[in-house]
Amino acid sequence: MIHTTVGDIGHASIVVALIAAIVAAFSYFKASSAKDFLSETSDQKSWRKFARLFFYLHSAAIFGVVGTLFYIIKNHYYEYHYAWDHSSNSLPIYYMISSFWEGQEGSFLLWLFWHVVLGLVLIHQNKTWEAPMMAVFCAVQAFLASMILGSVLPLVELKIGSSPFILLKDFMGSLPVYKINPDYVPEDGTGLNPLLQNYWMVIHPPTLFLGFATTLIPFAYCIAGLWMGRYKEWIRPALPWALFSAMVLGTGILMGGYWAYETLNFGGYWNWDPVENAVYVPWLVLVAAIHCMIIYKNSNTALKPAVILAIASFVLILYSTFLTRSGILGSSSVHSFTDLGLSGQLLIYLLFFSLLSLVLLVFRWKKIPDTEKEASVYSREFWVFIGVTVLCLAGFQVLATTSIPVYNSIIALFGIKSNVAPPADQMEHYSKFQIWAGIFIAILSGIGQFFWWKKMDGKKLWNAISIPLLLALVISMLVMYFTGLDQPAYILLVATSIFSICANAFILKDVLKANPKLSGGAVSHIGVAMMLIGILYSSGYSKIISLNNSGMTYSKEFSKEMNKENLLLWRNDPEQMDDFTLLYKGQRLESPDFAGFINKDEVVQLDNKAKVIAKKDIIYQAKVQYKKGDTINIAPENTFYEVQYSKANGDTFTLYPRAQVNPQMGLIASPDIKRFWGRDLYSFVSSIPTPDRDREWSELVEHTAHIGDTIFLNDFVAILQDVKRETNVPGVTLKSTDAAVRAHFKLLGKDKNYDVYPIYVVLMEDHMVGQIPEVVEDLGIKITFLSIDPASGTFTFGVNTTQKDYIILKAIEKPAINILWLGTLLLVIGLAIAIVRRYTEFIKMRNKGVEV
């Protein structure tokens with residue numbers, strides 16, 4: 001049965017949302033046409049009420065689209081392409097939420113959702129600015145809603161947007177199955193990208209898209225100010241939102257970095273991928289805009305840069321959207337979206353608001369208040385302006401390189417083939433420029449704070465910075481001595497960052513005594529300086545400790561680096577790595593119903609890959625979690641590899657790096673991380689035996705034994721303990737006439753003994769016998785119960801051997817990475833303090849009727 005009604009409701013809601021956004025934008029435009037910004041005629045008041053009504057209708061429609069799409073995913077309606085392409089039956093509810101925004105349509109919808117939430121807040125927060133600001137807001141919503149429309153315009157045959165409610169048979173109608181059965185519905189979906197099956201992917205995209213959405217608010221206030229001739233008044237209501245946007249967008253970026261650190265296996269949290277860069281640059285520009293806005297509020301200077309940067313931050317968000325969703329990046333990014341035919345719409349979206357902003361800015365430029373007074377080198381305006389310049393140059397360097405595919409596409413329009421390619425080593429290319437930006441930012445954030453709070457001249461400046469500078473030099477020399485800093489740029493970055501921490505700590509001490517509400521800037525700057533130190537050490541001084549010192553080449557197909565920097569671990573054979581002794585203990589599975597890991601050797605896989613049956617009682621934390629024969633739900637995509645790390649002093653811990661072999665993506669490995677106070681130990685599996693391969697077993701060797709007999713299996717001894725009737729055979733349904741017999745061997749290993757239970761089954765009605773062998777993976781031995789001789793009381797068993805299970809592991813030490821994470825926390829706290837202060841100021845002025 002195809003559930004078309006729910007899809008029709010969803011599509012109709014998109015149409016309503018689009019029309020309502022257009023009507024609301026036009027109505028707010030009409031409500032903003034007064035010559036006097038503060039006066040509102042009865043006609044304009046009617047337009048504003050009318051506009052608000054349609055924005056409410058738009059909001060309800062968007063909520064309806066969100067609810068409808070999630071309902072389709074939650075109920076596994078795989079007749080819809082979006083549900084089939086991004087979810088599956090085995091996904092737990094939290095990953096179903098992730099699958100909602102995995103695709104382009106869902107992420108656009110998430111963006112629309114946040115705009116609606118913010119718009120509803122803004123309507124009731126600031127009625128004075130409502131009409132002009134919401135006109136811009138609703139225009140943006142109309143463009144975004146068109147991205148998920150998925151309708152073809154009649155006459156011109158032009159498709160607008162890509163709908164999340166398209167049926168699978170309409171999207172892939174050429175498949176032969178639809179010719180046989182037009183109402184065919186798949187039983188399961190293709191599932192969520194395995195790299196996105198991480199708890200960070202449940203919260204990172206919503207946070208990031210909230211950051212995207214909030215950049216519209218200072219932009220909308222700025223455009224409204226230019227439009228209505230309120231060239232400076234927009235700063236006050238926009239500033240708290242700009243700070244909020246910087247906090248949320250920065251948090252979203254950092255969450256993405258932490259997800260990459262925990263999930264990907266390139267050994268870090270930032271890879272200068274074009275998609276990462278496309279978000280990083282708008283954030284830098286937004287931070288620069290905030291500093292200009294604050295300067296203007298305090299000294300009536302830098303208004304024009306504030307206007308330019310507030311506009312640029314939003315336009316750059318649109319540009320990043322075009323880069324990542326138009327398909328223009330091609331293979332230069334590992335996680336950009338494929339083109340769904342939206343590139344033309346995205347380009348129109350970008351050009352419309354870019355040109356609108358540019359035209360308005362040009363026409364209003366001479367009317368924007370400016371100061372003719374030159375900033376003194378001892379003024380806070382001078383130092384903030386230098387800092388803003390550094391931020392913008394850092395952003396430009398990243399943007400210029402990231403945009404190489406765009407240059408090539410533009411040149412190709414003129415029939416010219418460009419040979420320009422992105423840098424081969426992205427890390428080196430970007431880092432060699434950005435490290436100097438970090439050095440200057442550390443210096444400026446340290447010195448600039450003294451100018452911020454006091455009037456300075458040369459003597460006062462020296463008196464203010466001498467103690468922090470001396471303290472920073474002493475600490476820097478100690479750090480250099482104990483950590484082995486050797487490169488000049490690295491030394492400068494650490495020294496200037498330590499100076500920034502010391503300088504801002506001195507400022508923070510005084511500010512906390514006077515007014516803690518003013519401490520946001522100092523706390524944020526300390527956080528940034530700590531982040532710079534953490535980034536330098538965790539990236540520049542990470543150490544690979546899984547070195548292959550055996551002289552053995554693992555595989556000729558491996559690179560020289562792979563053979564050298566990875567450690568081969570045979571199952572149950574200890575191996576030395578640095579000051580650790582490693583023991584690989586085998587493969588583990590995870591269950592959504594169980595907190596621990598399940599030993600793969602203790603379960604039987606069913607035809608349904610998401611279910612297994614326990615071969616024995618499964619015990620966790622001294623409690624029986626599953627009894628023999630119980631069916632257990634598992635996450636079939638992932639296999640974890642238990643590796644025990646031991647030190648000579650007796651300290652022991654266990655890590656569970658994850659891997660899966662994906663048909664499209666090959667080996668997908670995710671690390672497991674042991675966190676120490678001064679470093680992280682980052683371990684991941686870089687190679688495993690092919691899971692579905694046919695294992696090569698030795699020739700079968702038969703052994704005949706009585707109960708109590710001892711047999712020799714290669715280098716091991718096995719004792720036949722007993723043979724008993726078995727009534728519960730996991731994975732086998734026995735009839736009343738059938739019989740199953742289980743043998744029990746005690747196999748004596750080098751370090752432990754193993755209980756082995758091969759089973760012999762007699763199916764009386766079918767006149768058939770069967771064997772269920774038992775494999776001891778630790779030893780690479782398989783024992784099969786071949787036959788029973790009742791006359792002599794003997795039993796015949798077959799023994800095969802094979803290569804033991806193994807993994808190839810890479811382990812990296814990441815020093816001082818906790819300083820990075822602590823710095824990010826302080827940055828967010830500092831921004832939050834600043835938001836509270838600026839919002840409180842705005843509310844006070846609004847309540848006095850002078851917020852405009």
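Note that the structure is a prediction, hence the values are computed from the model and not measured.

## Some remarks on the overall build of the chain
In step 1: Scanning the chain for helices and strands turns up 22 helices and 29 strands.
In step 2: Its C-alpha atoms put the chain at 110 × 75 × 55 Å along the principal axes.
In step 3: Split into buried and exposed, the 852 residues of the chain put 53% on the buried side.
In step 4: The long-range share in the chain, meaning contacts at least 24 apart out of those at least 6 apart in sequence, stands at 69%.
In step 5: Only carbon and sulfur atoms are counted for the fraction: they give 61% of the accessible area of the chain, which is about 39,600 Å².
In step 6: Taken as two groups, the 69 positive and 69 negative side-chain charges of the chain have centres that lie 14 Å from each other.

## Examining the pattern of salt bridges
In step 1: Evaluated as defined, the whole model comprises 23 salt bridges.
In step 2: The shortest N-O distance in the salt bridge between Glu262 and Arg675 comes to 3.3 Å. Of this pair, Glu262 sits in helix H11 (residues 235-263) while Arg675 sits in strand E17 (residues 672-675); the two residues are 413 residues apart in sequence, bridging distant segments of the chain.
In step 3: Its relative accessible area of 36% is what places Arg675 among the partly exposed residues.
In step 4: A salt bridge links Glu813 to Arg679, with the shortest nitrogen-to-oxygen separation between them at 3.2 Å. You can see Glu813 sitting in strand E29 (residues 806-815) and its partner Arg679 sitting in strand E18 (residues 679-687), a full 134 residues away along the chain.
In step 5: Judged by its relative accessible area of 14%, Glu813 is buried.
In step 6: You can call Arg679 partly exposed: its relative accessible area is 22%.

## So, the domain arrangement of the chain
The accessible area lost on association of the parts is a frequent measure of interface size.
In step 1: What the domain assignment lists for the chain is domain 1 (1-197), domain 2 (233-422), domain 3 (429-541 + 816-852), domain 4 (567-690 + 808-813) and domain 5 (696-802).
In step 2: Relative placement of domain 4 and domain 5: their C-alpha centres are 27 Å apart.
In step 3: Interface area, domain 4 with domain 5, both sides summed: about 800 Å², of which 45% is carbon and sulfur.
In step 4: Sorting the residues of domain 4 by area buried against domain 5 places Arg571, Asn572 and Lys628 first, and these three jointly supply 58% of that buried surface.
In step 5: Counting across the interface, domain 4 meets domain 5 through 3 salt bridges.
In step 6: With a closest N to O distance of 3.5 Å, Glu774 and Lys615 form a salt bridge.

## What to know about the packing of helix H1 (residues 4-31) against helix H2 (residues 42-74)
In step 1: Contact geometry for H1 and H2: axes closest at 7 Å, N-to-C directions at 160°. Between H1 and H2, the interaxial angle falls into the category roughly antiparallel. Crossing angle aside, the handedness with which H1 passes H2 is left-handed.

## Examining the pairing of strand E11 (residues 623-626)
In step 1: When strand E10 (residues 618-620) meets E11, the two strands line up antiparallel, connected through 3 bridges. Looking at the pairing, Ile619 lines up with Val624 of E11.
In step 2: Hairpin remark: E10 followed by E11, antiparallel, with 2 residues in the connecting loop; positive phi at Gln621, about 55°.

## What about the packing of aromatic side chains?
In step 1: Tallying each qualifying case throughout the model produces 56 aromatic pairs.
In step 2: Ring centres of Phe143 and Phe352 lie 5.1 Å apart, and the angle between their planes is 40°; this geometry places the pair in the tilted category. Separated by 209 residues along the polypeptide, Phe143 in helix H6 (residues 130-147) and Phe352 in helix H14 (residues 343-364) bring together distant segments of the chain.
In step 3: The exposure class of Phe352 is partly exposed, given its relative accessible area of 39%.
In step 4: Look at Tyr261 and Trp821: their rings are 5.9 Å apart centre to centre, the planes differ by 55°, and that puts the pair in the tilted class. Taken together, the residues span a long stretch of sequence, with Tyr261 in helix H11 and Trp821 in helix H22 (residues 817-847) at a distance of 560 residues.
In step 5: Taking the relative accessible area as the measure of exposure, Tyr261 reaches 0% and is therefore buried.
In step 6: Linked through ring pairs, Tyr199, Trp200, Tyr258, Tyr261, Tyr269, Tyr682, Phe684 and Trp821 together constitute an aromatic cluster.
In step 7: Taking NZ or CZ as reference, Lys674 lies 6.0 Å from the ring centre of Phe676, over its face.

## Focus on the side chain of Asn638
In step 1: The residue Asn638 is located in the loop between strand E12 (631-633) and strand E13 (639-646) in this model.
In step 2: With relative accessibility at 3%, the residue Asn638 sits in the buried group.
In step 3: Once residues lying within four places of it in the same chain are set aside, the contact partners of Asn638 are Gln197, Leu589, Glu590, Arg658, Ala659 and Gln660.

## Focus on the pairing of strand E24 (residues 759-763)
Consecutive side chains along a regular strand alternate between the two faces of the sheet.
In step 1: Sheet analysis places strand E22 (residues 739-748) next to E24, joined by 4 bridges and oriented antiparallel. Each residue of the ladder has a partner; that of Ala739, found in E24, is Val762.
In step 2: Count of turn residues in the E24/strand E25 (residues 768-772) antiparallel hairpin: 4 residues, of which His767 carries a positive phi of about 55°.

## Considering the sheet that holds strand E9 (residues 611-614)
In step 1: With antiparallel pairing, 3 strands are arranged side by side in an open sheet as E8-E9-E12. Each edge of the sheet is formed by a strand with only one pairing partner; in this case those strands are strand E8 (603-605) and E12. When strand polarity is set aside, the average angle formed by the axes of neighbouring strands in this sheet is 35°.
In step 2: Here E9 runs beside E12; their pairing, made up of 3 bridges, is antiparallel. The residue of E12 that forms the bridge with Lys611 is Asn633.

## Looking at the environment of Tyr430
In step 1: Turning to its location among the elements, Tyr430 is positioned in helix H17 (residues 426-453).
In step 2: With a relative accessible area of 2%, Tyr430 lands in the buried category.
In step 3: Aside from chain neighbours lying at most four places away, what touches Tyr430 is Trp272, Asn277, Gln397, Val398, Thr401 and Thr402.

Cut-offs used in this document
Residues numbered from 1 in each chain as written. Predicted model: local features only at pLDDT ≥ 70, side-chain atom pairs only at ≥ 80, totals over all residues. Heavy atoms only, no water. Helix = DSSP H or I, 4+ residues; strand = E, 2+ residues; numbered from the N terminus. Buried < 20%, exposed > 50% of the residue type's maximum accessible area, 1.4 Å probe, protein only. Contact = heavy atoms within 4.5 Å. Areas by Shrake-Rupley, 256 points an atom, 1.4 Å probe, with all protein chains shown as cover. Lys, Arg positive; Asp, Glu negative; His and termini not counted. Charge placed at Lys NZ, Arg CZ, Asp CG, Glu CD. Salt bridge = Lys/Arg side-chain N within 4 Å of Asp/Glu carboxyl O. Domains from an automatic or database assignment. Buried area = accessible area lost by both parts, 1.4 Å probe. Axes fitted to C-alpha atoms, helices over the stretch in contact; angles between N-to-C directions. Parallel < 35°, antiparallel > 145°, perpendicular 65-115°, else oblique. Left-handed = near helix turned anticlockwise from the far one by under 90°. Pairing = 2+ DSSP bridges. Phe/Tyr/Trp six-rings, centres within 6.5 Å; stacked < 30°, edge-to-face > 60°. Lys NZ or Arg CZ within 6 Å of the ring centre and 35° of its normal.

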